[in-house]
Amino acid sequence: MPVLKVEIVETPGWSRPSGLARRIADAVAEVLGATPQSVWVRLTTIAPDDYAENGGAPTDVSPVFVTILEIVPPHGPPLAAQVAALTNAVASACGRAEADIHLVYEPPGRDRVAFGGRLVT
C-alpha cells in the first residue's frame, strides 16, 4: 500500500517524459516486492522559479522530493536498505542522480489512513 508523492524540480530544457509516474510506481513496486496496483504514485513538477535554497541555488540543482506513506515502514538496517534501493530506483526512473533524490517517510499509516471509507488497521 505504499503511497508516494513525488515532486520533481524542473531544470532548464527538461520536460516530463510520458509515463513517468508509471515508471516510478513500477520501479518502487519491484524494490518492495509489491503486488500489482498496490503502489500509488502522485507526481507533480515544480517550476524552477518555485524552488529555492537559502543563499541561492546553483543553476544545475535538480532535486526530486519523495514523500512515502507505508502502513508500517521498516526501522533500522531494513530502513537503510530500503532507502538505498528506493533512491536508486527513483533516480533511474527519473533520469536524475541519486544525490538529487530526497526521501521523507511519513509516520506509519496504520490506524491513521482510510481508503474508500475503510480505516487501515
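As shown above, the structure is provided for reference.
> Help me understand helix α2 (residues 76-94) in this model?
Along an α-helix, residues three or four apart share an orientation, since each turn contains 3.6 residues. For α2, built from 19 residues, the straight-helix expectation of 27 Å at 1.5 Å per residue is met to within 8% by its first-to-last C-alpha distance of 27 Å. Considered for burial, the residues of α2 that qualify are Q82, L86, T87, A89, V90, A91, A93 and C94. Where α2 terminates, the next one or two residues include G95, which has phi positive at roughly 70 degrees.

> Where do I start with the environment of A21 in this structure?
Note that A21 resides in helix α1 (residues 20-32). For A21, a relative accessible area of 27% corresponds to the partly exposed category. Linking A21 and R42, residues 21 residues apart in sequence, is a C-alpha distance of 7.1 Å. Leaving out residues up to four positions away in the same chain, A21 has contacts with V41 and L43.

> What's the story with the pairing of strand β4 (residues 101-105) in this structure? I'm lost.
On any regular strand, side chains alternate: one points to one face of the sheet, the next to the other face. In the sheet, strand β3 (residues 64-69) pairs with β4 via 5 bridges, with the strands oriented parallel. Bridge pairing in β4 links V64 to I101. Crossover β3 to β4 through α2 is right-handed.

How each quantity is defined
Residues numbered from 1 in each chain as written. Predicted model: local features only at pLDDT ≥ 70, side-chain atom pairs only at ≥ 80, totals over all residues. Heavy atoms only, no water. Helix = DSSP H or I, 4+ residues; strand = E, 2+ residues; numbered from the N terminus. Expected span 1.5 Å × (residues − 1). Buried < 20%, exposed > 50% of the residue type's maximum accessible area, 1.4 Å probe, protein only. Contact = heavy atoms within 4.5 Å. Pairing = 2+ DSSP bridges. Right-handed = clockwise from strand over helix to strand, strands pointing away.

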